[in-house]
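Survey of secondary and tertiary structure
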Amino acid sequence: MKSLVLFNNKGGVGKTTLGYHIAHMMARRGLRVVVLDYDPQCNISAAFLRDEELEELWGGDEAPRGEGRTVFGCLENVRRGMGELLPPRLHQADDNLWLLPGHLGLSRFEQTLAEAWAKVLGTDNERELYLATALAALAQAAGNSIDAHVVLVDVGPSLGALNRSALLSCDAVALPVAPDLFSLQGLRNVGPTLRTWRENWRRALDYVAASEGARLPRHQFAPVGYIVQQHLARADRPIKAYAEWVSRIPEEYHRHVLGEAEGYPGRYELDPERIFLFRHYASLVPLALDARKPMFDLKRADGINGSLYKAVASCRKDVNALVTELAKRLDVPIGEEV
């Protein structure tokens, strides 16, 4: 089982939309996939579920003992120091595809995790280690419950304690970026932070007794590359400006995320860290949201007509290619394109 997070502390780079489509396509191509919504804003849960479904789920998990049907329900007793992690009750979203929905209440865990992490460094305090790794334990339990090939973790754009603990669930990190100044600044922020978190966790493990350390997550949340979300053309921003931002992404990624002092001197198209250039498909997004289905599944009944048929076919081709490359980088065997 491999685990992947799409992460950038710059919002609006298409992270959740990409994750939703990657999960569906991996499942179509034979992988058993679990999506974990570790973002208190619950955007990927809202992509999968109708409002009334979310309201019903949230009501059950606000009960005193909860029901383990959301991330919050599984973790709340741990946060309050009143019990163990509840077994996750996954929602099956499609063949080979399951979701553990998010909950706005997960934001209550942020301060608890921040305090626990401060005590983890330099100690083998069992209680603090249990708190700091609760999200990783939940990811493992969710994946094991359906014998998953891939666990896909969705997180918000912050560099806070909640995301730090969420990344302890992950073998790999892919960074979605847009060709603009703000995404480049996001790489400058997130790269050094990821390296610091990784080093701090290694230090924490060094303090832990061998018997305890054997039970702790060993995920390295290693960077496996970046995905460029193609720009949406605007009258006040010429295409040339976007091309200039795109050309700067490789150096910023190599320098700040990989920690290479010289950066990357080659062309963007040849950069081995570039996973994919994903087109914007702005005309399909609102239709897919209304239909609660991937863009590549849209039909005439969903409002597709004329040139949009070409866009749907192009989207299917792009997501297939993206998933093929991600599976290669995760070392996960995957079925034929669909």
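See the structure above.
Anyway, here's the lowdown on the structure attached to this text. (Residues numbered from 1 in each chain as written. Predicted model: local features only at pLDDT ≥ 70, side-chain atom pairs only at ≥ 80, totals over all residues. Heavy atoms only, no water.)

Considerations on the overall build of the chain
- Helix and strand counts for the chain stand at 13 helices and eight strands.
- Expressed as lengths along the three principal axes of its C-alpha atoms, the size of the chain is roughly 60 × 50 × 40 Å.
- Buried positions account for 53% of the 338 residues belonging to the chain.
- Of all intrachain contacts in the chain linking residues separated by at least 6 positions in sequence, the fraction that spans at least 24 positions is 74%.
- Looking at charge distribution, the chain has the averaged site of its 40 positive side-chain charges lying 4 Å from that of its 43 negative ones. (Helix = DSSP H or I, 4+ residues; strand = E, 2+ residues; numbered from the N terminus. Buried < 20%, exposed > 50% of the residue type's maximum accessible area, 1.4 Å probe, protein only. Contact = heavy atoms within 4.5 Å. Lys, Arg positive; Asp, Glu negative; His and termini not counted. Charge placed at Lys NZ, Arg CZ, Asp CG, Glu CD.)

Here's the deal with the pattern of salt bridges
- Throughout the structure, instances matching the rule amount to 16 salt bridges.
- Residues Asp302 and Lys293 are paired through a salt bridge, measuring 2.9 Å at the closest nitrogen-oxygen approach.
- Using a relative accessible area of 24% as the deciding quantity, one classes Lys293 as partly exposed.
- Where Lys328 meets Glu325, a salt bridge forms, and the shortest distance between an N and an O atom there is 3.5 Å. In this pair, Lys328 and Glu325 both sit in helix 13 (residues 308–330), three residues apart, roughly one turn of the helix. (Salt bridge = Lys/Arg side-chain N within 4 Å of Asp/Glu carboxyl O.)

What to know about the packing of aromatic side chains
- On inspection of all chains with the given rule, the structure shows four aromatic pairs.
- Measuring from ring centre to ring centre gives 4.8 Å for Tyr20 and Phe48, while their planes differ by 65°; the resulting arrangement is edge-to-face. Here Phe48 lies in helix 2 (residues 43–48) and Tyr20 lies in helix 1 (residues 15–28), a separation of 28 residues in the sequence. For the pair shown, Tyr20 and Phe48 are each scored as buried.
- Ring centres of Phe278 and Tyr281 lie 5.7 Å apart, and the angle between their planes is 65°; on these two criteria the pair is classed as edge-to-face. Take Phe278 and Tyr281: they sit in the same class, and that class is buried. (Phe/Tyr/Trp six-rings, centres within 6.5 Å; stacked < 30°, edge-to-face > 60°.)

Notes on the sheet that holds strand 1 (residues 2–6)
- Strands sit in the order 3-4-2-5-1-6-7-8 across an open sheet of eight strands; the sheet is mixed. Each edge of the sheet is formed by a strand with only one pairing partner; in this case those strands are strand 3 (91–94) and strand 8 (274–278). Taking each pair of neighbouring strands and ignoring which way they run, the sheet shows an average axis angle of 25°.
- Pairing of strand 2 (residues 33–37) with strand 4 (residues 97–100) involves four bridges; the strand directions are parallel. Each bridged residue has a counterpart across the sheet, and for Val35 the counterpart in strand 4 is Leu99.
- Relative to strand 5 (residues 150–154), helix 1 is tilted by about 165°, and along the sheet it contacts strand 1, strand 2, strand 3, strand 4, strand 5, strand 6 (172–177), strand 7 (222–229) and strand 8. (Pairing = 2+ DSSP bridges. Axes fitted to C-alpha atoms, helices over the stretch in contact; angles between N-to-C directions.)

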